Amino acid sequence: MIYYITKIIKTTIKKLKVKTMKNVIKLLAVAGLLGIVLTGCNKAGKQKSAAAGNDARLENVVWQLIQLNGTELSKPDKYEVTFAAGRATGIGECNRFFGPYELLSNPGTIKMGNMASTMMACLGEHRESEFLNMFGEVNTYQFDGNKLYFFTGSQPKAVAIFVDSGKTPVKE
């Protein structure tokens with residue numbers, strides 16, 4: 001994009017035979033404004049598509065994991081996730097994590113990126129790695145009352161079941 005704007009500016013300078021620095025600066029200011037306007041239009045389009053996949057039931061709720069890959073958790077209060085504005089944040093057994101997500105236009109579909117986390121040592125038995133890896137595999141979700149179910153394309157059975165914890169999400 002910048003290449004083309006630069007090319008247009010050089011061509012315009014040659015065609016208009018701009019010889020004074022004052023006129024060059026004016027031309028560059030107009031080109032800069034044009035770039036800002038084009039960038040703003042591009043961002044507005046992205047926001048519109050993200051809004052198309054908006055699901056208020058999923059976002060701004062602290063979801064507590066109660067079941068992972070068919071097994072109930074012994075410490076469900078240690079596994080939580082919150083979705084807000086394209087960013088998933090939460091805590092595993094020992095570490096905080098975050099990563100991107102996108103609600104797709106088809107209802108109940110989600111695309112999640114890799115989760116980054118702190119690297120504190122977790123002593124004893126835990127399922128944190130399994131929990132964090134699950135996010136990269138999930139592609140659909142559904143609700144039943146106050147429960148959230150995550151599914152992968154390969155399994156008709158939920159890989160994770162969450163319940164609304166009733167906690168207020170922390171604003172970052």
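Position labels on residues start from 1 in each chain and follow its written sequence. Residues qualify for local features only when their pLDDT is at least 70, as the model is predicted, and side-chain atom pairs are given and counted only at 80 or more; totals for whole chains, interfaces and linings, by contrast, use all residues. Side-chain numbers here rest on the full set of heavy atoms in the structure, without hydrogens or water.

Asker: Please explain the packing of aromatic side chains as it appears in this structure.
Answerer: Two aromatic rings, taken as a pair, are described by how far apart their centres are and by the angle between their planes. Stacked, edge-to-face and tilted labels apply to pairs of Phe, Tyr and Trp rings (six-membered ring for Trp) whose centres lie within 6.5 Å, assigned for plane angles under 30 degrees, over 60, and everything in between, in that order. Tallied over the entire structure, the rule returns 11 aromatic pairs. Judged by centre distance (6.4 Å) and plane angle (75°), the ring pair of F135 and F150 falls under edge-to-face. With F135 in helix α3 (residues 128-137) and F150 in strand β9 (residues 147-152), the pair connects residues that are 15 residues apart, well separated along the chain. Here the aromatic cluster, defined as three or more aromatic residues joined through ring pairs, consists of Y79, F83, F97, Y101, F131, F135, F150 and F162. Only DSSP runs of H or I reaching four residues or more are called helices, and only runs of E reaching two or more are called strands; each is numbered from the N terminus.

Asker: Help me out: how do you make sense of the state of the cysteines in this one?
Answerer: Note on terminology: pairs of cysteine sulfur atoms within 2.5 Å are recorded as disulfides. Scanning the entire structure with this criterion turns up 1 disulfide. Covalently, C94 is tied to C122 through a disulfide, its sulfur atoms 1.8 Å apart. Judged by the sign of its S-S torsion, about 120°, the bond between C94 and C122 is right-handed. Of this pair, C94 sits in the loop between β4 (87-91) and β5 (96-103) while C122 sits in the loop between β7 (116-117) and α3, placing them 28 residues apart in sequence. Burial classes follow relative accessibility: with a 1.4 Å probe on protein chains only, a residue under 20% of its type's maximum area counts as buried, one over 50% as exposed, and anything between as partly exposed. Classification of C94 by relative accessible area gives partly exposed; the value is 23%.

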